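What follows is the residue order along each chain.
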Amino acid sequence: MSHASRAADFLKDDARTDWHNKSLWHVRSKRDALIQHIPEWEAIRQLGSDIKDNVLSNLDVYLEQFEARAKANGVIVHWAADAAEHNEIVHSILEKHKVDRIVKSKSMLTEECHLNPYLEERGIEVIDTDLGERIIQMKNEPPSHIVMPAIHLKKEEIGQLFHEQLNTEKGASDPQYLTEAARQHLREKFLAAKAAITGVNFGIAETGGVVVCTNEGNADMGVHLAPVQIHCMGIEKLIPRAEHLAVFTRLLGRSATGQPITVYTSHHHRPKPGGEMHVVIVDNGRTEQLGREDFRNSLKCIRCGACMNTCPIYRRSGGHSYDHTIPGPIGSILSPGKDLKKHKDLPFASTLCGSCSDVCPVKIDIHEQLYKWRQIVSSEGHMETSKKLPLAGAGNVLSRGGLYNFMGKAARTALKLAPRAMVYNRFNAWGKSRELPEVPEESFKEWYAKNRKENQN
Ligand code: SF4
């Protein structure tokens, strides 16, 4: 299925679409309101972008520095070339410690590697402990947003789910009541877990430590209670020095949810007494992306989700319509690098309005990369005929002044005379929920020439 057909499914529920759109816009508005109070916001964005540029240009150096410092702190460091290796490494650690149940805090990397099914197939119980993640895990769905994984669900649906699986009162949908039920349920899991897995927001090359940002404290609880802690980190997550962290923590919380800072910003530098700490450093296609000159700076992403919250397509099509671990604008520039044929339609899931690039805290030129992917999709022969033919026709008309004028005139006349059914029919998806503006008597060019003449007289 294409993005458009999955989006069409999502759009069948008008009320959900409207509510999804408004909820995400609310988060975007909170972000806007908060950054008004930071006069140096643009300077911090530039600094964040520059630091990440430096990291990407010297990644090999920082990775080795990180590894050496982490090892000196007593951390066991592993390298995984791809998802399969990442999963094998994590499994071998758990096997060595005879672990049959783990708690995991939100990690898009482990989603990308499909770690949960891999471990479950090998008899290990995996419990996601972020509330949103736990909800979608119980529903057996992937996350639809990288920061708010269950944003597509209504509280009534969550109430029903909890009633079925956690035995809460039937019909109860009060968020506080449901959160308390999840808290009690998760508490037991935390206490029983023999290992904890977290993602990594930032790895500090200078100190060899990792930093995990959450709003629920679930990563900390897991790591502090379980004897074995495993942190899974993409190679691009590094920052050079501890002093750089403040730049990113200021950018992250504000951009993600419109809060000054995430509630928990936890530093893990060494194993706790009697414990074991592992960091698994994962490539899984990132080096390839680094080698693509036009797309390398997509690796600067700090996974704040702001580009999703602002995107008019994402807000009205839902995260699942992208069929990729990372949805939305950033997902649409990362996914074609993984599998161009499979994700060929995602660079087109955009109006190219540029709002994603405007809000991105590390200044990734997202909409320009979307446009470049479109050109690659076309030049590599993956463009659908239904797009190719009209675009070729439009290219012909737009590149010839005389033809453009003629077609404009013909279209104005045809639109006036044509019966409504000829314009608004099943072939005109655009017209399904929109009315064309009134057809003008003349083109802008004609209007401009006439008015300019009148003004000159
Ligand atoms: S691309 Fe930018 S805005 Fe989007 S998630 Fe990444 S850092 Fe945030």
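Our structure's up above, just so we're on the same page.
Keep in mind that this is a model prediction, so the values were computed, not measured.

Student: So what exactly am I meant to see when it comes to the nonpolar core here?
Tutor: Across soluble globular proteins, nonpolar side chains show a tendency to be buried alongside one another. Phe202, Phe248, Ile302, Ile330, Ile364 and Ile366 are the most contacted members of the largest nonpolar core, which has 50 residues in total. Of all the elements, helix 12 (residues 245-257) adds the most residues to this core, at six residues. Residue contacts for Ile366: discarding those within four places in its chain leaves Cys307, Pro329, Ile330, Ile333, Cys356, Ser357 and Cys360. Ranked by size, the runner-up nonpolar core spans 22 residues in total, among them Ala80, Ala83, Leu109 and Leu115.

Student: Would you take a moment to explain the sheet that holds strand 4 (residues 195-198) for this structure?
Tutor: The strands making up a sheet associate through backbone hydrogen bonding, with each pair oriented either parallel or antiparallel. The sheet built from six strands is open, its strands ordered 1-10-7-4-2-3 with parallel pairing. Edge strands, defined here as strands with exactly one partner in the open sheet, are strand 1 (76-80) and strand 3 (125-128). For this sheet, the mean inter-axis angle between neighbouring strands, taken without regard to orientation, is 20°. In this structure, strand 2 (residues 101-104) lies alongside strand 3, joined through four bridges in parallel fashion. Within the sheet, the bridge partner assigned to Ile102 lies in strand 3 and is Val126. Strands in contact with helix 10 (residues 175-192) are strand 2 and strand 3; relative to strand 3, the strand with the most contacts, it is inclined by about 130°.

Student: Explanation requested: the side chain of Thr129 in the structure shown.
Tutor: In this structure, Thr129 sits in the loop between strand 3 and helix 8 (131-139). One polar contact links Thr129 to Asn218, side chain to side chain, over a distance of 3.1 Å. Thr129 has contacts with Val103, Lys104, Ser105, Leu186, Phe190, Glu216 and Asn218, leaving out every residue within four places of it along the chain.

Student: I would appreciate a short explanation of the packing of aromatic side chains in the present structure.
Tutor: A full pass over the atoms with the stated rule returns five aromatic pairs. Both rings, one in Phe295 and one in Trp373, keep their centres 4.1 Å apart while their planes meet at 15°; by these two values the pair is stacked. Of this pair, Phe295 sits in the loop between helix 13 (286-290) and helix 14 (306-310) while Trp373 sits in helix 18 (residues 366-379), placing them 78 residues apart in sequence. Of the two residues examined, Phe295 and Trp373, each falls in the buried class. Ring pairing ties together the aromatic residues Phe444, Trp447 and Tyr448, which thus form one cluster. Positioned above the aromatic ring of Phe348 is the side chain of Lys387, whose terminal nitrogen or guanidinium carbon lies 4.7 Å from the ring centre.

Student: Help me understand empty space enclosed by the protein in this model?
Tutor: Unfilled space is identified by rolling a water-sized probe across the atoms. Tallied over the full model, the rule gives three cavities of 30 Å³ or more. Here the largest cavity is characterised by a volume of approximately 90 Å³. Taken together, 13 residues form the lining of the largest cavity, with Cys301, Cys304, Cys307, Cys360 and Pro361 sitting closest to its centre. When the residues that make up the lining of the largest cavity are grouped by side-chain class, the tally is eleven nonpolar, one polar and one charged. Roughly 80 Å³ of volume is contained in the second largest cavity. If you trace the second largest cavity, you find 17 residues lining it, with Cys311, Pro329, Ser350, Cys356 and Leu370 closest to the centre. When residues of the lining of the second largest cavity are traced back to their parent elements, those giving at least two are helix 16 (328-338), helix 17 (355-359) and helix 18. Among the elements that make up the lining of the second largest cavity, the one with the highest residue count is helix 16 (three residues).

Student: Mind showing me how you'd approach helix 11 (residues 218-225) here?
Tutor: Turn by turn, an α-helix covers 3.6 residues, leaving residues three or four places apart pointing in a common direction. Of all the residues in helix 11, the buried ones are Asn218, Ala219, Asp220, Gly222 and Val223. Of the surrounding elements, those touching the buried residues of helix 11 are strand 2, helix 10, strand 4, strand 6 (209-214), strand 7 (228-234) and strand 9 (264-268).

Student: Which parts of the structure should I look at to understand the sheet that holds strand 9?
Tutor: Strand order across the open sheet formed by four strands is 8-5-6-9, with mixed pairing between neighbours. Each end of this open sheet is capped by a strand with a single partner; those strands are strand 8 (238-239) and strand 9. Inspection of the sheet shows strand 5 (residues 202-204) paired to strand 8 by two bridges, in the parallel sense. Pairing of Gly203 across the sheet is with Leu238, part of strand 8. Lying on the sheet, helix 11 is in contact with strand 6 and strand 9; it crosses strand 6 at an angle near 130°.

Student: Hey, could you run me through the site of the ligand in this one?
Tutor: Looking at the ligand, there are 13 residues lining it, with Cys301, Cys304, Gly305, Cys307 and Cys360 nearest. Among the cavities detected, the one that contains the ligand is the largest cavity. Here the residues of the shell around the ligand are counted per class, giving eleven nonpolar, one polar and one charged.

Student: For this particular structure, what's the right way to read the pattern of salt bridges?
Tutor: Side chains bearing opposite charge may pair, as long as their charged atoms lie close to each other. Using the criterion set out here, one finds 32 salt bridges in the structure. Between Lys12 and Asp9 there is a salt bridge; the shortest N-O distance is 2.9 Å. Judged by relative accessible area, which is 65%, Lys12 ranks as exposed. When its relative accessible area of 41% is taken as the criterion, Asp9 is described as partly exposed.

Student: Is there a simple way to explain the environment of Val210 in this structure?
Tutor: Within the secondary structure layout, Val210 lies in strand 6. Each C-alpha atom of the pair Val210 and Arg270 lies 9.5 Å from the other, and the pair is 60 residues apart in sequence. In this view, Val210 contacts Phe66, Val200, Phe202, Gly203, His231, Met233, Ser266, His267, His268, Met277 and Val279; residues no more than four positions away in its chain are not counted.

Student: Is there a simple way to think about the packing of helix 8 against helix 9 (residues 155-166) in this case?
Tutor: Orientation of helix 8 relative to helix 9, taken along the N-to-C sense of each, is 70°, at an axis distance of 11 Å. Judged by the inter-axis angle, helix 8 sits roughly perpendicular to helix 9. Considering only the axes of helix 8 and helix 9, their crossing is left-handed. Counting all contacts with helix 8, which are made through Leu131, Ile135, Met138 and Lys139, the residues of helix 9 involved are Ile158, Leu161, Phe162, Gln165 and Leu166. When grouped by side-chain class, the residues that make up the contact of helix 8 with helix 9 number seven nonpolar, one polar and one charged.

Definitions and cut-offs
Residues numbered from 1 in each chain as written. Predicted model: local features only at pLDDT ≥ 70, side-chain atom pairs only at ≥ 80, totals over all residues. Heavy atoms only, no water. Core = buried A, V, L, I, M, F, W, Y, C linked by side-chain atoms within 4.5 Å. Buried < 20%, exposed > 50% of the residue type's maximum accessible area, 1.4 Å probe, protein only. Helix = DSSP H or I, 4+ residues; strand = E, 2+ residues; numbered from the N terminus. Contact = heavy atoms within 4.5 Å. Pairing = 2+ DSSP bridges. Axes fitted to C-alpha atoms, helices over the stretch in contact; angles between N-to-C directions. Polar contact = N/O pair within 3.5 Å; in protein donor to acceptor, adjacent residues only side chain to side chain. Phe/Tyr/Trp six-rings, centres within 6.5 Å; stacked < 30°, edge-to-face > 60°. Lys NZ or Arg CZ within 6 Å of the ring centre and 35° of its normal. 1 Å grid on protein atoms, 1.4 Å probe; cavity = no way out; pocket = protein on both sides within 12 Å on 5 of 7 lines; lining within 4 Å. Points joined across faces, edges and corners; volume = space filled by probe spheres on them. Nonpolar A, V, L, I, M, F, W, Y, C, P; charged D, E, K, R; others polar. Near = heavy atom within 4 Å. Sits in = over half its atoms within 2 Å of the grid points. Salt bridge = Lys/Arg side-chain N within 4 Å of Asp/Glu carboxyl O. Parallel < 35°, antiparallel > 145°, perpendicular 65-115°, else oblique. Left-handed = near helix turned anticlockwise from the far one by under 90°.

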